[in-house]
Amino acid sequence: MRVNVLIFALGVLLAALALVVSIALHEVGHLLPAKLFRVRVLQYMVGFGPTLFSRVRGETEYGIKAVPLGGYVAMIGMYPPAAGRAAGVDSTGVVQQMASQTRSVAAAQLLPGEEDRAFYRLPVWKRVVIMLGGPLMNLLIAIVCITVLVTGFGSQQPTTTLASVSRCVQSVDPASASQEAQTGGAGCAVSDPEAPAHAAGLRPGDTVVSLDGTSLQSWEQLTEIVRQRAGEPIDIVYDRHGQRASTTITPVETSRPAVDSTGAPLVREGSYVMEDVGFIGASSRTQLTPQPITAVPGEVLNGLERVAGGLIRLPVNVWNVAVSTFTDAPRDPDGPMSVVGVGRISGEVASTDQLELREKSATLVGLVGSVNLALFAFNLIPLLPLDGGHIAGALWEGIRRTVARLLGRRDPGPFDPLRLLPLTYAVSLAMLGMAALLVLADLIEPVQLL
């Protein structure tokens, strides 16, 4: 028990370390282009709160803070001077006063002769490069993790070894999404016929070697033959515990979900697309199989598609998490989670005896890749204080200035983030509330990976 606890703690520590490294590299993505474009960087910090360690190198202070849940790069000139009437008016509103104070602090950071080194004085494209550098660093980390996962460890691919053998053939409801219903894994009725694989003597763990003298190289090859040979006896050779054996199996014709090129069931308008095919009632055991480097772009795009879909549904997903936390409703395992949840899953993977070391390593690498894909996409949301908000502001400035120049109008000036300070506070509070809810959910109703 003590060993398992230590291994669990090690898994959590690895997840925390991976998160801190991801945050640090995200900030490096901002730091390097800022230095390249000669913006004076005051601070490069990983974390928030009290400073645990810092060291000044050149004109920049580098350090680590107590709460490693984010980071920042402080550059001079993030906020331009107030323009127009606002420059000479004393504001009495709370938000206006906070904006004025923030602007005064930013102005005090500008040293004589450094006006051209201010962030807001950079061309639009340079500001976009600086702000885009952080999310792109997360994307790069994710691509590296996915490349290692796909080409080194491999992806889960079906083999010709049987994972399960159904006792009977059950009918499938087209509107049902149950995998058990597809395979007939449980709940056999007296009227349900015996599944051909079970009748032929096949059992979980058997490896099918050939069908009718044709050597099998993949599970897809086996299923293709079976689906086309309903009612026809097939000679089958299989391996059980190193011993070869043979038998005859006759697939039954039954209505089953049609599948795509990857073997996934086809769904249309919420129901399976059904077809009459041969069926033997057995499923495949999967194993990690290395894939060529050409498979990486597809895996990255698939990951981004999943993350984008999750962000689009984020308000609904967060609400569902709240419902599952405070009611008896089950929690969606594919829904959002906090760093606490990520650490918990990492600990479970590290300490479980259901996975081999290679599978554990692959799962943890995939987890780091998924987290960085999520950080990449989340930071591109075009709302302040996220990087995407600064990018959107710079692009909006470029559009306004271009239109003004084409129409012969006065230059509207640089984008001023402080004019959106109420929205920034609202977004920040929403993010804090979401983070608190997810942490609470991961403590009360955690996602169970295993």
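The rules we used
- Residues numbered from 1 in each chain as written.
- Predicted model: local features only at pLDDT ≥ 70, side-chain atom pairs only at ≥ 80, totals over all residues.
- Heavy atoms only, no water.
- Axes fitted to C-alpha atoms, helices over the stretch in contact; angles between N-to-C directions.
- Helix = DSSP H or I, 4+ residues; strand = E, 2+ residues; numbered from the N terminus.
- Parallel < 35°, antiparallel > 145°, perpendicular 65-115°, else oblique.
- Left-handed = near helix turned anticlockwise from the far one by under 90°.
- Contact = heavy atoms within 4.5 Å.
- Core = buried A, V, L, I, M, F, W, Y, C linked by side-chain atoms within 4.5 Å.
- Buried < 20%, exposed > 50% of the residue type's maximum accessible area, 1.4 Å probe, protein only.
- Salt bridge = Lys/Arg side-chain N within 4 Å of Asp/Glu carboxyl O.
- Phe/Tyr/Trp six-rings, centres within 6.5 Å; stacked < 30°, edge-to-face > 60°.

Engineer: How should I be thinking about the packing of helix α8 (residues 314–326) against helix α12 (residues 421–444) in this particular structure?
Structural biologist: How two helices pack is summed up by the angle between their axes together with the distance between the axes. Relative orientation of the contacting elements α8 and α12 amounts to 40 degrees, with a least axis distance of 10 Å. With respect to α12, the axis of α8 lies oblique. You can see that α8 and α12 cross each other, and the crossing is left-handed. Residues L314, V318, V321, A322, T325 and F326 of α8 lie in contact with α12, whose contacting residues are M434, L437, L438, L440, A441 and I444.

Engineer: Any chance you could explain the nonpolar core here in plain terms?
Structural biologist: Soluble globular proteins tend to pack their nonpolar side chains together in the buried interior. Counting 20 residues, the largest nonpolar core has M75, F119 and I130 as the members making the most contacts within it. Those elements that place two or more of their residues in this core are α1 (2–36), β1 (41–57), β2 (60–75), α3 (124–153) and α11 (387–407). Of all the elements, α1 adds the most residues to this core, at five residues.

Engineer: For this particular structure, what's the right way to read the pattern of salt bridges?
Structural biologist: For the structure shown, the criterion picks out 13 salt bridges. For D206, the salt bridge is made with R240, and the minimal N-O distance between the two is 2.8 Å. Pair noted here: D206 is in the loop between α5 (196–199) and β4 (207–211) and R240 is in strand β6 (residues 234–240), with a separation of 34 residues, a long-range link. Given a relative accessible area of 2%, D206 falls into the buried group.

Engineer: Before we go on, may I ask you to explain the packing of aromatic side chains in this structure?
Structural biologist: Two descriptors summarise a pair of aromatic rings, namely the distance from one centre to the other and the angle between the planes of the rings. As enumerated under the stated definition, the model contains three aromatic pairs in all. Centre to centre, the rings of F37 and W125 are 5.6 Å apart; their planes meet at 75 degrees, and the pair counts as edge-to-face. Placement of the pair is F37 in the loop between α1 and β1 and W125 in helix α3, with a sequence separation of 88 residues. Accessibility expressed as a relative area gives 14% for F37, which makes it buried. We classify W125 as exposed; its relative accessible area is 53%.

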